[in-house]
Amino acid sequence: MNSDLFPGTLEDSTWRPEKCTFAEYTPDMMMECLRAVPYLSIGDSLGEQVYTYIRDELKKAGYGEDVPMRQVWSPSTSVPYFQSDRNGKNQNDFMTQVAEFATISIGAWDIGVHWCGTDEFYDGLKAKVLKYKALLKPGARLALYNIHYIYPDKCGEKSTWCRTCNPIGKVTAYREIVQMVAACTSTGLLDTYPITKEGRNSSIDGLHYRNQVVKPKANIVMNMMCGSDVKGNNKLGLWYPNIECNEAEAKARWRRDPVANVHSEGCPDYANKYGCPNDGGAAAQKYLEHEEEKARQKAAEEAAKAAGVQTNVATNAPQKEEAGTELPLCKKHEDLFPGKLHDFQWVPEKCRLKFYTKQEIAQCLERKPFAAIGDSLGEQFVLYLRRAGVSMSAKFVQSASVQWDSLTLSSKKTGYQDFTDYVTKEVEYAVLSFGIWDIGVHWCGVEDFYHKLKAKILKYRSMLKPSAEMVLHNLHYINTEKSAESWVKDCNPHAKLVVYREMVQMAAACTGTKMINTFPLTLEGSEHTRDGVHYNDSVVKPKVNILMNMMCGADGEGGDRLEPWVPPMECNEEAAMERWLAVPEANRFSRGCPDFLNEFGCSNDGGDALRRYTDRREAGKKKEERAKGVTRENGAQQEEVTSAELPLCKK
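Residues numbered from 1 in each chain as written. Predicted model: local features only at pLDDT ≥ 70, side-chain atom pairs only at ≥ 80, totals over all residues. Heavy atoms only, no water.

1. A short note on the overall build of the protein chain
Regarding its fold elements, the protein chain presents 25 helices and 17 strands. In the protein chain, which comprises 651 residues, the share counted as buried stands at 54%. At a minimum sequence separation of 6, the contacts of the protein chain that also span at least 24 residues come to 75%. Looking at the protein chain as shown, the accessible area adds up to about 28,700 Å², and 48% of this sits on carbon and sulfur atoms. (Helix = DSSP H or I, 4+ residues; strand = E, 2+ residues; numbered from the N terminus. Buried < 20%, exposed > 50% of the residue type's maximum accessible area, 1.4 Å probe, protein only. Contact = heavy atoms within 4.5 Å. Areas by Shrake-Rupley, 256 points an atom, 1.4 Å probe, with all protein chains shown as cover.)

2. What about the state of the cysteines?
Per the counting criterion, the structure on display carries 6 disulfides. Two residues share a disulfide in this structure: Cys33 and Cys226, whose sulfurs sit 2.0 Å from each other. Measuring the twist about the S-S bond at about 85°, one finds the Cys33-Cys226 disulfide to be right-handed. Linking Cys33 in helix 1 (residues 27-36) with Cys226 in helix 9 (residues 211-226), this pair joins segments that are 193 residues apart in sequence. Both residues of the pair, Cys33 and Cys226, count as buried. There is a disulfide in this structure between Cys330 and Cys351, and the S-S distance comes to 2.0 Å. Residues Cys330 and Cys351 are joined through a disulfide that is right-handed, its torsion about the S-S bond being 95°. With Cys330 in the loop between strand 9 (325-326) and strand 10 (339-342) and Cys351 in the loop between strand 11 (345-348) and helix 13 (358-367), this residue pair connects regions lying 21 residues apart in the sequence. Of the two residues, Cys330 and Cys351, neither departs from the other in class, the shared state being buried. (Disulfide = S-S within 2.5 Å.)

3. Looking at the packing of helix 14 (residues 376-387) against helix 21 (residues 537-552)
Orientation of helix 14 relative to helix 21, taken along the N-to-C sense of each, is 100°, at an axis distance of 10 Å. Between helix 14 and helix 21, the crossing angle belongs to the class labelled roughly perpendicular. Contacts between helix 14 and helix 21 pair Gln380, Phe381, Tyr384, Leu385 and Arg387 from the former with Asp537, Val540, Lys541, Lys543, Val544 and Leu547 from the latter. Classifying every residue of the contact of helix 14 with helix 21 gives 6 nonpolar, 1 polar and 4 charged. (Axes fitted to C-alpha atoms, helices over the stretch in contact; angles between N-to-C directions. Parallel < 35°, antiparallel > 145°, perpendicular 65-115°, else oblique. Nonpolar A, V, L, I, M, F, W, Y, C, P; charged D, E, K, R; others polar.)

4. Observations concerning the sheet that holds strand 4 (residues 69-73)
A sheet is described by the order of its strands in space; here 5 strands give the open sequence 4-3-5-6-7, paired in parallel fashion. What marks the edges here is a single partner per strand, and that holds for strand 4 and strand 7 (188-190). Ignoring which end each strand starts from, the neighbouring axes of this sheet average 25° apart. Contacting strand 6 (141-145) and strand 7, helix 7 (residues 168-185) runs over the sheet at an angle of about 160° to strand 6. (Pairing = 2+ DSSP bridges.)

5. So, the pairing of strand 1 (residues 8-11)
Here strand 1 shows a buried face lined by Gly8 and Leu10 and an unburied face lined by Thr9 and Glu11. Here strand 1 pairs with strand 2 (residues 14-17) via 4 bridges, running antiparallel. Each residue of the ladder has a partner; that of Gly8, found in strand 2, is Pro17. Hairpin connection from strand 1 to strand 2: 2 residues lie between these consecutive antiparallel strands, with Asp12 at a positive phi of about 50°.

6. Brief notes about the pattern of salt bridges
For the structure shown, the criterion picks out 22 salt bridges. One salt bridge in this structure joins Lys251 and Asp123, with 2.7 Å as the shortest N-O distance. Here Lys251, found in helix 10 (residues 247-255), pairs with Asp123, found in helix 5 (residues 118-135); they are 128 residues apart in sequence, far enough to count as distant. Under the relative-accessibility criterion, Lys251 is labelled buried at 15%. Connected through shared salt-bridge partners, Glu176, Glu249 and Arg253 make up one network. (Salt bridge = Lys/Arg side-chain N within 4 Å of Asp/Glu carboxyl O.)

7. Quick look at the side chain of His534
Within the secondary structure, His534 is located in the loop between helix 20 (519-524) and helix 21. Taking the relative accessible area as the measure of exposure, His534 reaches 14% and is therefore buried. At 2.5 Å, the side chain of His534 and the side chain of Ser376 are in polar contact. Ignoring anything within four residues of it in the chain, the contact list for His534 reads Ser376, Leu377, Gln380 and Thr529. (Polar contact = N/O pair within 3.5 Å; in protein donor to acceptor, adjacent residues only side chain to side chain.)

8. Observations regarding the packing of helix 1 against helix 2 (residues 45-60)
Axis separation between helix 1 and helix 2 bottoms out at 9 Å; the angle between their running directions is 115°. Viewed along their axes, helix 1 and helix 2 adopt a mutual orientation that is roughly perpendicular. The crossing of helix 1 and helix 2 is left-handed. From helix 1, Pro27, Met30, Met31 and Leu34 reach across to helix 2, where they touch Tyr53, Ile54, Glu57 and Leu58. (Left-handed = near helix turned anticlockwise from the far one by under 90°.)

9. Side note on the side chain of Asp375
By the element assignment, Asp375 lies in the loop between strand 12 (370-374) and helix 14. The charged side chain of Asp375 is buried without a salt bridge, its nearest counter-charge being Lys543 at 8.5 Å. Here Leu377 takes part through its backbone nitrogen, which lies 3.1 Å from a polar atom of the side chain of Asp375. (Lys, Arg positive; Asp, Glu negative; His and termini not counted.)

10. Examining the packing of aromatic side chains
Applying the stated criterion to the full structure yields 9 aromatic pairs. Between Trp73 and Trp109, the ring centres sit 6.0 Å apart and the planes meet at 80°, which makes this aromatic pair edge-to-face. Taken together, the residues span a long stretch of sequence, with Trp73 in strand 4 and Trp109 in helix 4 (residues 108-111) at a distance of 36 residues. Judged by centre distance (5.3 Å) and plane angle (70°), the ring pair of Tyr149 and Tyr193 falls under edge-to-face. (Phe/Tyr/Trp six-rings, centres within 6.5 Å; stacked < 30°, edge-to-face > 60°.)

11. Section: the confidence of the model for the protein chain
Averaged over every residue, the pLDDT of the protein chain is 79; the share at 70 or more is 78%. Here residues 405-416 scores under 50 on pLDDT; set against residues more than four positions off or in separate chains, the count is 34 contacts. The low-confidence segment residues 631-644 (pLDDT under 50) makes 1 contact with residues lying over four places distant or belonging to another chain. (pLDDT = per-residue confidence, 0-100.)

12. Side note on helix 13
The complete set of buried residues in helix 13 reads Ile361, Cys364 and Leu365. The buried residues of helix 13 all sit within an arc of 95° when viewed along its axis, so they share a single face. More than 90 degrees from the buried face of helix 13, the exposed residues found are Gln359 and Glu366. (Arc of directions from axis to C-beta.)

So this is what it looks like as structure tokens:
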């Protein structure tokens, strides 16, 4: 990391490092710098945003078009476009004869729509860096952008592919790949990840940022080019990762990463569709043709809609394939997705999902008494039914972590009433939900979680009566940015969530247990969470209706039932465990997450660790309140303390 720059805070389009200061460039300073150090921006739109900001600032200051800076469009390792800008104008002469400072920004496409695997990305990026180094004139400097922070939940409402293409765990792996390329090509890095992470509210679409973030990035580039005085003095240095070039070991590690080495579910796969070689832009050209065809279809559909003709395009209401023909009922779990969340309903694109009235839910539960067993994610089913007034035959059995052995206690809201008889004698349909505690505050390692989850599944199956059905609820999307509690963010890194979701699926596969999977629904409704983990009724109601369709079918009496989800994997625990153990984020206690299980032990303690942690936390709050009282008394003295002027940022 450009170490002096970080940590810091983002204030009024200015990045303020804690350790140092750097120059804020005016348009006149930018122009003076560019005349001395002509600038070339190479790569994708993330790097292009800095180029565009500088260009626009100079235009507003009256400098016109004759500015010594250029842009070369080469957004992916499999889409070269080595010499031309977005308008197709060849920039070879500027690149080879004029540019004194160049930046390369490549990676966002390769994570998502141009995904071709970690090996291909590493080899392709390394080849591009070396090629551009060879093309630039002697003495010109080259900086490699690392991939910045991406907010999948900030993608536009219509850009579901933006959400599905950019899981944070994959971003983490690809950032490491960029660092290894820098180490193995002796190239300095330009890393603005902390600024983009700080600038969540300035994200336009999850990937690109407004000028509040782009301006500080441009100022960092200018300080690298021309220093604090525009004369080349006190230049800000590039970051050289403190890692050895060990390609073979790194590639083997990346190949074992289950997040980095799959094409993200729901992400357009046009690189794999059109081929992954460095093809001189053929794949991109085919994609552009594909996009143009989609635009023509959309225009035709809008014209048809204006003329009052029904089309088979997903909208905010249940659709018809043709005039007078309804979509078929949803019968397979996988047919539920993709879809759209609208007005407390989930509207699949491929089929029609029945939505239950309160009376129909009550009738279903009368025929099939229900239990949600596990953590509060499963409890939300029962809480919704309670609010709807139809919870007489629906109970929540609290067993929040695989570490807890209190198998038949109800929620503390009901005074820890024992529901053993209800579970063993009455329940006809049960949902198990585990994992959210075990990712974070109850983390005891992937091996411990997997084996204890399997044991819980088998134990509950043996407790239920023979006619009862049981499904396993997979972990849903966690929007850590929506949580007011910092520990929620710290406890739930996305890469760990991905691994734990796969472990739940493997446990299902190896115990012959079917599943209910609502991850795409919670991803689509990620703004409807009150704390990052639990969701409002706009999401919970569709989840309950999916459950009702699984329990009682479209007719409410067992006809046309929605099939549970069967994970598309074989039971291969040994290979899977080796893969999970190779993911760093899954195999350590997340920094900043309350570590009360590791402190109190990972035994099946019936909740004693939780109670001890709660007591300790309350004591800590009282201590903080007492300390604040002392601080207020000494406030006048504290205000008089000022820090010395910070030095200039140099690295």
